[in-house]
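So the chains spell out like this:
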Amino acid sequence: MTAEARPRGPASPRLTERQEARRRRILHASAQLASRGGFDAVQMREVAEAAEVALGTLYRYFPSKIHLLVATMQDQLQHLHTTLRKRPPGGESAAERVAETLMRAFRALQREPHLADAMVRALTFADRSVSAEVDTVSRQTTAIILDATGLERPTPAQLSAVRVIEHTWHSALITWLSGRASIAQVRIDIETVCRLIELTTAEAGAEAEAGAGAGEPARSRGRR
């Protein structure tokens, strides 16, 4: 789910209050239908009827079912992020906090397995036409993880670790949804990959100390 660097097109025009309310109704209808019947239950005509919008209007907001379900996942992550900011994860280390955060996200999806399956399938099926929506999901996931780490200025190595953590979380979700991994195994995988945060943080500290040590002789010579 990690976003690749892509040239950005022109920003989408800001929605009016009425348009935003309509968009929220559409996303709510999508989530409700997916919760009841999964991916196949989300049919654009049924979404339009549940959201009380014309079918043509729905397609102007979301060109396809895949666009709609990926946007639904972004919306679900946004709600999770808001909740996490109100109740931040515990844990003394960044790795512990990230693991708790991702397991809370996993448990939220576990309560709605049909919805989780629909959103993950949409991400899996997404092609380049859905890249903007997929990028938004990735940025939201990255923001959630970085908030949990408490890192204000993550290094490139730490950002790389975050990308690996995102990939692992996504993979663990897929294997659980397909019945190939237990919840206990998901937790083990998440806790294991989150230790990358500690490793990259330790490496950053060691590099900083080495750089300071290398500069000391030069400063000493300058004082002679």
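Everything numeric here is computed off the predicted structure, so don't read it as measured data.

Q: Which residues make up the nonpolar core, and what are the values?
A: In summary, soluble globular proteins display a tendency toward joint burial of nonpolar side chains. Ranked by size, the top nonpolar core spans 61 residues in total, and within it Ile 26 and Cys 194 carry the most contacts. If near-sequence neighbours (up to four positions away) are discounted, Cys 194 is found in contact with Ala 95, Val 98, Ala 99, Leu 102 and Ile 165.

Q: Describe helix α8 (residues 156-177), listing the residues and the values that go with them.
A: With 22 residues, α8 ought to run about 32 Å at 1.5 Å a step, and its terminal C-alpha atoms sit 32 Å apart, in line with that. Inspection of α8 places Gln 158, Ala 161, Val 162, Ile 165, Glu 166, Trp 169, His 170, Ala 172, Leu 173, Thr 175 and Trp 176 among the buried residues, and these make up the whole buried set. Trailing α8 by a residue or two, Gly 179 shows a phi angle of about 80°, which is positive.

Q: Talk me through the packing of helix α7 (residues 131-149) against α8; I want residue IDs and the actual numbers.
A: The relative placement of two packed helices comes down to the angle between their axes together with the axis-to-axis distance. Interhelical geometry of α7 versus α8 gives an angle of 115° and a closest axis separation of 10 Å. With respect to each other, α7 and α8 are oriented roughly perpendicular. For the element pair α7 and α8, the recorded crossing hand is right-handed. Touching Ser 138, Thr 141, Thr 142, Ile 145 and Leu 146 of α7 are Leu 159, Val 162, Ile 165 and Glu 166, all from α8. Taken together, the residues of the contact of α7 with α8 sort by class into five nonpolar, three polar and one charged.

Q: Tell me what's going on with the environment of Ser 30, and back it up with residues and numbers.
A: Within the fold, Ser 30 resides in helix α1 (residues 17-37). By relative accessible area, which is 0% here, Ser 30 ends up buried. Separated by 13 residues in the primary sequence, Ser 30 and Gln 43 place their C-alpha atoms 8.7 Å from one another. Among residues more than four places away in sequence, those in contact with Ser 30 are Val 42, Val 47, Leu 68, Leu 69 and Thr 72. At 2.9 Å, the side chain of Ser 30 and the side chain of Thr 72 are in polar contact.

Q: Could you give an account of unusual backbone geometry, with specific residues and numbers?
A: We note that Glu 52 has phi near 60°; this positive angle belongs to a residue other than glycine. If you trace the backbone, Glu 52 turns up in the loop between α2 (44-51) and α3 (55-61).

Q: For the pattern of salt bridges, give the residues involved together with the corresponding values.
A: What the rule picks out here adds up to five salt bridges. In this structure, the salt-bridge partner of Arg 104 is Glu 100, at a minimum N-O distance of 3.7 Å. Taken together, the residues span about one helical turn, with Arg 104 and Glu 100 both in helix α5 (residues 94-110) at a distance of four residues. Residue classification places Glu 100 among the partly exposed positions, given a relative accessible area of 28%. The partner of Arg 187 in a salt bridge is Glu 191, with the nearest N and O atoms 3.3 Å apart. One end of the pair, Arg 187, and the other, Glu 191, are both in helix α9 (residues 183-222), four residues apart, so they sit about a helical turn from each other. For Glu 191, a relative accessible area of 34% gives the class partly exposed.

About the cut-offs
Residues numbered from 1 in each chain as written. Predicted model: local features only at pLDDT ≥ 70, side-chain atom pairs only at ≥ 80, totals over all residues. Heavy atoms only, no water. Core = buried A, V, L, I, M, F, W, Y, C linked by side-chain atoms within 4.5 Å. Buried < 20%, exposed > 50% of the residue type's maximum accessible area, 1.4 Å probe, protein only. Contact = heavy atoms within 4.5 Å. Helix = DSSP H or I, 4+ residues; strand = E, 2+ residues; numbered from the N terminus. Expected span 1.5 Å × (residues − 1). Axes fitted to C-alpha atoms, helices over the stretch in contact; angles between N-to-C directions. Parallel < 35°, antiparallel > 145°, perpendicular 65-115°, else oblique. Left-handed = near helix turned anticlockwise from the far one by under 90°. Nonpolar A, V, L, I, M, F, W, Y, C, P; charged D, E, K, R; others polar. Polar contact = N/O pair within 3.5 Å; in protein donor to acceptor, adjacent residues only side chain to side chain. Salt bridge = Lys/Arg side-chain N within 4 Å of Asp/Glu carboxyl O.

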